[in-house]
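This is what each chain is made of:
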Amino acid sequence: MKETILAKYGEIILKGGNRPRFEKMLIDNIKRALKNVAKCRVAIRQATILVDDFEEDKIDIIVERMSKIFGITSITKAALCEKELPVIFETAKEYLKDDLSRPARFKVEAKRSDKSFPLNSTELAIKLGGDLDDAFPDIVCDVHNPEITVKCEIREAGAYIYILENRTEGQGGMPIGSGSKATLLLSGGIDSPVAGHMIAKRGVTIDAVNFFSFPYTSDRAKEKVIDLAKILARYTSRMNLYIVPFTEIQLEIRDKCPEEYMTLIMRRFMMRISEKIAVENGSKALITGESVGQVASQTLSALDVTNAVIDMPVLQPLIGMDKLEVINRSVEIGAYDTSILPYEDCCTVFTPRHPKVNPKRKDVERFESVLDIEALETAAIEGIECIEVYPD
Ligand code: ATP
Ligand code: MG
């Protein structure tokens, strides 16, 4: 007997003729994510991902890494043994003894993809169920309402035995790389990492842009953004992070535009510069973390004024979410503790006392026209620092 890993995937199964292409992407993504973690073999057989040939003590880290790969719906540790009935019984008794040694309702579900196995699925389930019932006095068989479902899958490589309820939930979604690329406007806040995660979950490759106001924002603030990008990279495997120097632009806006329009005009610069970066890196859309009504710059008129300056679609996956829902997601993806670190963001430094709540495009265009937009943008783009980010 040895311990191995089985994983299931979701939506790809619906992809018909394209399914092999999606499966290959998923396998490649798994291999990439495990490359620095453990030597192992990854394959797909009968709509199941099989990971084996790894050192025993690596199993938990492999499961943990796989739980962050989009496309996988669940991951299970399983015992793998010879396809001989006595061996299967002995392996099940040994491998499942902790779970079956306390009072519980249980049932056995068997599956036979190797049709040369002498018992069919029902016969195997009944035999194994009876055997376990005899071996463990505390458990009772209940096929309608079990607390524990013992699974036994007879496959090419052998018999896989595990408890269904012990599986680790996967991310779901689609494999990264199946949905072209988008550029995320990544601040140091709670919302934008969640927005990036939601779009990446649909298979979209992500690069990120951060606008940085040195010396008004500290190196610690920059480290925080890099850390957030690293957390996202656990799901996306790697990304480019473009750090754009934003101070000149902010000072110009502060000096030459009405205070109540400062945030809006700043946001329009962010959108225009991000679109240029996105065109350059092959992105098809921008991603931002607004939700309607959260702050003054996120009213529908403010979003209209902000998004009007670019042609590229702007994906705003949090648009209908409450702050609490976003916080819960942020905790789930492991970004929250980093997001709430108290280092200043470039926008917090230059916040107007009374931001315009219902701005009009015409007014903003007029106030903005005193600035040399092109020169400011060119200078900012020339100052970009591009950092390649990998998961920790
Ligand atoms: P977040 O929690 O993501 O910072 P927020 O609620 O603070 O969002 P805003 O400050 O209005 O909202 O920003 C709205 C969106 O604009 C952010 O979600 C992010 O996508 C983008 N953004 C804001 N500041 C920056 C920045 N310094 N660099 C890159 N993108 C930014
Ligand atoms: Mg913010």
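What counts and what doesn't
Residues numbered from 1 in each chain as written. Chains lettered and ligands numbered in written order. Predicted model: local features only at pLDDT ≥ 70, side-chain atom pairs only at ≥ 80, totals over all residues. Heavy atoms only, no water. Axes fitted to C-alpha atoms, helices over the stretch in contact; angles between N-to-C directions. Helix = DSSP H or I, 4+ residues; strand = E, 2+ residues; numbered from the N terminus. Parallel < 35°, antiparallel > 145°, perpendicular 65-115°, else oblique. Left-handed = near helix turned anticlockwise from the far one by under 90°. Contact = heavy atoms within 4.5 Å. Nonpolar A, V, L, I, M, F, W, Y, C, P; charged D, E, K, R; others polar. Core = buried A, V, L, I, M, F, W, Y, C linked by side-chain atoms within 4.5 Å. Buried < 20%, exposed > 50% of the residue type's maximum accessible area, 1.4 Å probe, protein only. Near = heavy atom within 4 Å. Polar contact = N/O pair within 3.5 Å; in protein donor to acceptor, adjacent residues only side chain to side chain. Areas by Shrake-Rupley, 256 points an atom, 1.4 Å probe, with all protein chains shown as cover. Patch = residues over 30% accessible without salt bridge, like charges linked within 9 Å, V, L, I, M, F, W, Y side chains within 5 Å. Salt bridge = Lys/Arg side-chain N within 4 Å of Asp/Glu carboxyl O. Expected span 1.5 Å × (residues − 1). Arc of directions from axis to C-beta. Phe/Tyr/Trp six-rings, centres within 6.5 Å; stacked < 30°, edge-to-face > 60°. Lys NZ or Arg CZ within 6 Å of the ring centre and 35° of its normal.

Section: the packing of helix H9 (residues 262-281) against helix H15 (residues 373-382)
- Direction vectors running N to C along H9 and H15 enclose 55 degrees, while the axes themselves pass 11 Å from each other. For the element pair H9 / H15, the angle class is oblique. Once H9 is placed against H15, the crossing between them reads as right-handed. On the side of H9, the interface is formed by Phe269, Arg272, Ile273 and Lys276, while H15 contributes Ile373, Leu376, Glu377, Ala380 and Ile381.
- Tallied by class, the residues present in the contact of H9 with H15 amount to six nonpolar, no polar and three charged.

Things to note about the nonpolar core
- Grouped together as the largest cluster of nonpolar side chains are 36 residues, with contacts concentrated most on Leu186, Leu241, Ile287, Leu318 and Val389.
- In terms of residue count, the dominant contributor to this core is helix H7 (residues 219-236) (nine residues).
- Ile253, Leu286, Ala302 and Val314 belong to the second largest nonpolar core, which has 32 residues in total.

Structural notes on the site of ligand 1
- Inspection of the region around ligand 1 gives 21 residues, with Leu185, Ser187, Asp191, Ser192 and Gln294 positioned closest.
- Contact distances for ligand 1 include 2.6 Å between an oxygen atom and a side-chain N or O atom of Asp191.
- One nitrogen or oxygen atom from the main chain of Gly289 is found 3.0 Å from an oxygen atom belonging to ligand 1.
- In the complex, the protein chains occlude 90% of the 570 Å² of accessible area that ligand 1 would expose alone.

Description of a nonpolar patch on the surface
- On the surface, a cluster of nonpolar side chains totalling about 260 Å² of accessible area is made up of Val292, Leu300 and Ile319.
- Topologically, Val292 is positioned in the loop between strand E13 (285-287) and helix H10 (300-307).
- Using a relative accessible area of 43% as the deciding quantity, one classes Val292 as partly exposed.

Thoughts on helix H5 (residues 121-135)
- Here H5 spans 21 Å end to end across 15 residues, near enough to the 21 Å set by a 1.5 Å rise per residue.
- Within the span of H5, buried status applies to Leu124, Ala125, Leu128, Gly129 and Leu132. For H5, the angular spread of buried residues about the axis comes to 125 degrees, placing them on one side. In H5, the exposed positions that point more than 90 degrees away from the buried face belong to Thr122, Ile126 and Asp134.
- Along its buried surface, H5 packs onto helix H3 (85-95), helix H4 (97-100), strand E5 (104-112), strand E6 (139-141) and strand E7 (148-155).
- By the N-cap criterion, in which a side-chain oxygen at the helix start approaches the backbone nitrogen of a residue two or three places on, H5 is capped by Asn120, the distance to Thr122 being 3.1 Å.

A word on the environment of Glu94
- Tracing the sequence through the fold places Glu94 in helix H3.
- Taking the C-alpha atoms as reference points, Glu94 and Ala79, 15 residues apart in sequence, are found 9.7 Å from one another.
- A distance of 2.8 Å separates a polar atom in the side chain of Glu94 from a polar atom in the side chain of Lys97.

Concerning the packing of aromatic side chains
- All chains considered together, the criterion is met by three aromatic pairs.
- Considering the side-chain rings of Phe211 and Phe246, the 4.9 Å spacing of their centres and the 55 degrees angle between planes classify their relative orientation as tilted. You can see Phe211 sitting in strand E11 (residues 205-212) and its partner Phe246 sitting in the loop between strand E12 (239-245) and helix H8 (247-256), a full 35 residues away along the chain.
- On the basis of relative accessibility, which here comes to 5%, the residue Phe211 falls in the buried class.
- Ring centres 4.7 Å apart and planes at 50 degrees place the aromatic pair Tyr261 and Phe367 in the tilted group. Taken together, the residues Tyr261 in the loop between H8 and H9 and Phe367 in helix H14 (residues 361-368) connect sequence positions 106 residues apart.
- A relative accessible area of 4% means that Tyr261 is categorised as buried.
- Note on Phe367: relative accessible area 22%, which makes it partly exposed.
- Seen from the ring of Phe22, Arg21 lies directly overhead, with NZ or CZ sitting 5.1 Å from the centre.
- The ring of Phe212 carries Lys222 above its face, with NZ or CZ at 5.9 Å from the centroid.

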